[in-house]
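Inside the fold
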Amino acid sequence: MAWMSEPKEARGGGMLLAGSGTTHSGYSKEVCDYLATGANFTVPMMSTVVESDRLRWKHDNKYIVDRKAGEFLEGNKMLISENGSLKLTNVMKKNSGSYVPEVFDKDGAKKLIKFEVKVLCVIDPVLKPVVKPACKKPANVQFTCDVQAKQDPQQDHNFEWLMNGVLEKEKSQILTRQADQVKTDSFSCRVSNKVNSMTSAAVVQPCIEINPVLKPVVKPACKKNAIVQFTCDVQAKQTKDHNFEWLMNGVLEEEKSQILTRQADQVKTDSFSCRVSNKVNSMTSAAVVQPCIEITSFFPETLLGINTWIFVGAGGGVVLLLIIVVIVCCVRSKRSKRLQLKEEEELQLAWTNDQHQHHQHNHPQEQHPHQQSHHHHHPHKQPAGHTGPRQQRSKQQHPRNPDQPGARPLPSLPVR
């Protein structure tokens with residue numbers, strides 16, 4: 001910060017310095033305000049400026065704004081804010097350098113103003129780097145962090161390395177490791193400068209091939225003290241880079257080792273499988289049960305060489321068939337009885353009607369026998385309810401009342 005009546009030379013934080021640590025504008029890097037190309041920036045005016053004042057902004061040794069009594073002799077109103085600050089948009093590297101204001105009153109006298117020299121250093125932002133691995137002798141792998149940009153003498157890159165997401169101590173652009181020691185580890189690099197930072201995608205070494213895991217096999221073994229031991233056989237010589245998981249009845253267990261041990265009597269019917277994975281893939285074995293304690297049941301497993309459950313199923317089918325047959329027979333018997341009762345009722349009703357009519361015709365004949373011959377020549381009126389003429393009724397056969405002596409019983413119909 002400084003007070004000035006004439007900005008002949010930058011002072012304070014923007015003081016000119018000599019030596020190897022200066023920018024192309026002659027200012028030290030330590031006092032720079034770094035900007036990325038394409039950014040916007042406002043150089044603040046720290047003193048009050050009125051419209052009648054003459055305002056100048058100098059970039060290094062060149063005036064870029066000159067406003068007098070509201071008119072622009074240099075630059076335009078897009079560069080100046082209401083309070084006189086300098087607005088820079090879409091800055092380029094050519095905009096690097098110092099910026100100093102000058103203020104005059106309406107009479108042309110220079111004003112004593114408070115200001116702070118701003119030194120801008122415009123640099124390109126870093127792009128996303130790419131890690132390029134290369135196999136070196138005898139068995140090394142070399143990772144190079146490619147920044148995809150030509151080295152700018154004014155732009156310094158900082159490098160960092162991450163293995164499996166954890167920061168390493170190396171800070172150089174190239175990282176070297178033993179290939180067999182980092183067979184499945186992933187490496188990425190982070191590049192930064194004064195304006196931004198970018199991290200690459202992770203890669204693994206290509207020098208030693210990583211084979212995918214095959215489907216494992218669980219091998220149970222009976223040990224002393226009623227212990228059963230399950231081993232996850234990965235069918236490979238090297239298991240260093242394999243991850244193991246165990247599942248009991250499909251539920252993940254806590255153990256992460258290749259061998260799992262359990263009390264046989266506590267897992268008598270439980271199933272066990274193992275899952276093996278590496279950086280390439282993952283495979284799960286078939287499930288097995290412990291063979292140390294025999295699982296007994298009330299029924300033998302086989303009968304006459306045939307599975308017992310086949311007999312059980314066949315017996316159940318026979319019982320079901322018998323139940324269906326009994327139900328059908330019951331239904332048919334009930335229906336036959338109902339039909340028989342109906343036919344007997346109809347026969348009883350017919351016999352009763354005939355008996356009644358026979359009684360009506362025979363009774364008058366016994367009281368007046370002399371009228372019988374008269375009836376042969378003179379038909380008389382039929383009684384009420386009679387449906388038609390009935391001649392020679394005395395010669396017809398009528399069913400007898402079963403209650404009278406010598407009467408025959410009604411015939412019974414066969415049961416259907």
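Our subject in this report is the structure included herewith. The structure presented is a predicted model; accordingly, all values stated were derived computationally and were not measured. (Residues numbered from 1 in each chain as written. Predicted model: local features only at pLDDT ≥ 70, side-chain atom pairs only at ≥ 80, totals over all residues. Heavy atoms only, no water.)

1. Brief notes about the overall build of the chain
When helices and strands are counted, the chain shows two helices and 28 strands. Residues classed as buried in the chain amount to 27% of the 416 residues present. Restricting to contacts in the chain with at least 6 residues of sequence separation, those with at least 24 account for 59%. (Helix = DSSP H or I, 4+ residues; strand = E, 2+ residues; numbered from the N terminus. Buried < 20%, exposed > 50% of the residue type's maximum accessible area, 1.4 Å probe, protein only. Contact = heavy atoms within 4.5 Å.)

2. A closer look at the pattern of salt bridges
It is possible for side chains bearing opposite charge to pair when their charged atoms get close. Throughout the structure, instances matching the rule amount to 17 salt bridges. One salt bridge connects Arg-54 with Asp-66, and the closest N-O pair in it is separated by 2.8 Å. Of this pair, Arg-54 sits in strand 4 (residues 54-59) while Asp-66 sits in strand 5 (residues 62-68); the two residues are 12 residues apart in sequence, bridging distant segments of the chain. Assessed through its relative accessible area of 9%, Asp-66 is described here as buried. Across the pair Glu-168 and Arg-177 runs a salt bridge whose closest N-O atoms are separated by 2.8 Å. Residue classification places Arg-177 among the buried positions, given a relative accessible area of 18%. Here the salt bridges do not stand alone but share partners, grouping Arg-54, Arg-56, Lys-58, Asp-66 and Glu-102 into one network. (Salt bridge = Lys/Arg side-chain N within 4 Å of Asp/Glu carboxyl O.)

3. What about the packing of aromatic side chains?
Within the structure shown, the criterion is met by two aromatic pairs. Summarising the aromatic geometry, the rings of Phe-143 and Phe-187 are spaced 4.5 Å apart at their centres and angled 25° between planes, so their arrangement reads as stacked. In this pair, Phe-143 sits in strand 12 (residues 140-146) while Phe-187 sits in strand 16 (residues 186-192), placing the two residues 44 residues apart along the sequence. Judged on exposure class, the residue Phe-143 and its partner Phe-187 are both buried. Taking the centre distance of 4.5 Å and the plane angle of 25° together, the rings of Phe-230 and Phe-272 count as stacked. Within this pair, whereas Phe-230 is found in strand 20 (residues 227-233), its partner Phe-272 is found in strand 24 (residues 271-277), the two being separated by 42 residues in sequence. (Phe/Tyr/Trp six-rings, centres within 6.5 Å; stacked < 30°, edge-to-face > 60°.)

4. Quick look at the state of the cysteines
For the structure on display, the rule yields five disulfides. Each sulfur in the disulfide pair Cys-135 and Cys-207 lies 2.1 Å from the other. In this structure the cystine formed by Cys-135 and Cys-207 twists about its S-S bond by roughly -110°; its chirality is therefore left-handed. Here Cys-135, found in strand 11 (residues 130-136), pairs with Cys-207, found in the loop between strand 18 (203-204) and strand 19 (217-223); they are 72 residues apart in sequence, far enough to count as distant. A residue is classified by how much of its surface remains accessible, and Cys-135, at 47% relative accessible area, is partly exposed. Here Cys-222 is linked by a disulfide to Cys-292, with a sulfur-sulfur distance of 2.0 Å. Between Cys-222 and Cys-292, the S-S torsion sits near -105°, and that sign places the bridge as left-handed. Of the two residues, Cys-222 is situated in strand 19 and Cys-292 in the loop between strand 26 (288-289) and strand 27 (302-303); the sequence distance between them amounts to 70 residues. When its relative accessible area of 45% is taken as the criterion, Cys-222 is described as partly exposed. (Disulfide = S-S within 2.5 Å.)

5. Here's the deal with the sheet that holds strand 8 (residues 97-104)
Overall, mixed pairing links the six strands, which are arranged 2-10-8-4-5-6 in an open sheet. For this open sheet the edge positions go to strand 2 (32-36) and strand 6 (71-74), each flanked by a neighbour on one side alone. Geometrically, the sheet is characterised by an average inter-axis angle of 25° between neighbouring strands, direction not taken into account. When strand 2 meets strand 10 (residues 118-123), the two strands line up parallel, connected through five bridges. When the sheet's bridge partners are listed, Ala-36 is paired in strand 10 with Ile-123. (Pairing = 2+ DSSP bridges. Axes fitted to C-alpha atoms, helices over the stretch in contact; angles between N-to-C directions.)

6. Points about the sheet that holds strand 15 (residues 174-178)
Spatially, the three strands line up as an open sheet ordered 11-12-15, and their pairing is antiparallel. Bordering the open sheet on either side are strand 11 and strand 15, each of which pairs with just one other strand. Across the sheet, the mean angle separating the axes of adjacent strands is 20° when strand polarity is ignored. With seven bridges connecting them, strand 11 and strand 12 associate as antiparallel partners. The residue of strand 12 that forms the bridge with Pro-133 is Phe-143.

7. Some remarks on the pairing of strand 10
Taking burial as the measure, the six residues of strand 10 include six buried ones, the bulk of the element. Neither face of strand 10 is left uncovered, since the one carrying Lys-118, Leu-120 and Val-122 and the one carrying Val-119, Cys-121 and Ile-123 both have all their residues buried. As paired strands, strand 8 and strand 10 are joined by three bridges and run antiparallel to one another. Paired with Tyr-99 across the bridge in strand 10 is Lys-118.

8. Structural notes on the nonpolar core
Counting 17 residues, the largest nonpolar core has Val-43, Trp-57, Leu-86, Leu-88 and Tyr-99 as the members making the most contacts within it. The set of elements that each furnish at least two residues to this core consists of strand 3 (41-43), strand 4, strand 7 (86-88), strand 8 and strand 10. (Core = buried A, V, L, I, M, F, W, Y, C linked by side-chain atoms within 4.5 Å.)

9. Quick notes on the pairing of strand 5
When a strand is regular, its side chains alternate between the sheet's two faces. Looking at chain direction, strand 4 and strand 5 are connected through six bridges and run antiparallel. Residue pairing in the sheet places Trp-57 in a bridge with Val-65 of strand 5. Between the antiparallel neighbours strand 4 and strand 5 lie two residues, among them Asp-60 with a positive phi of about 55°. Pairing between strand 5 and strand 6: three bridges, direction antiparallel. Counted as the bridge partner of Lys-68 is Glu-71 from strand 6. In this structure, the hairpin formed by strand 5 and strand 6 is closed by a connection of two residues, where Ala-69 is found at a positive phi of approximately 55°.

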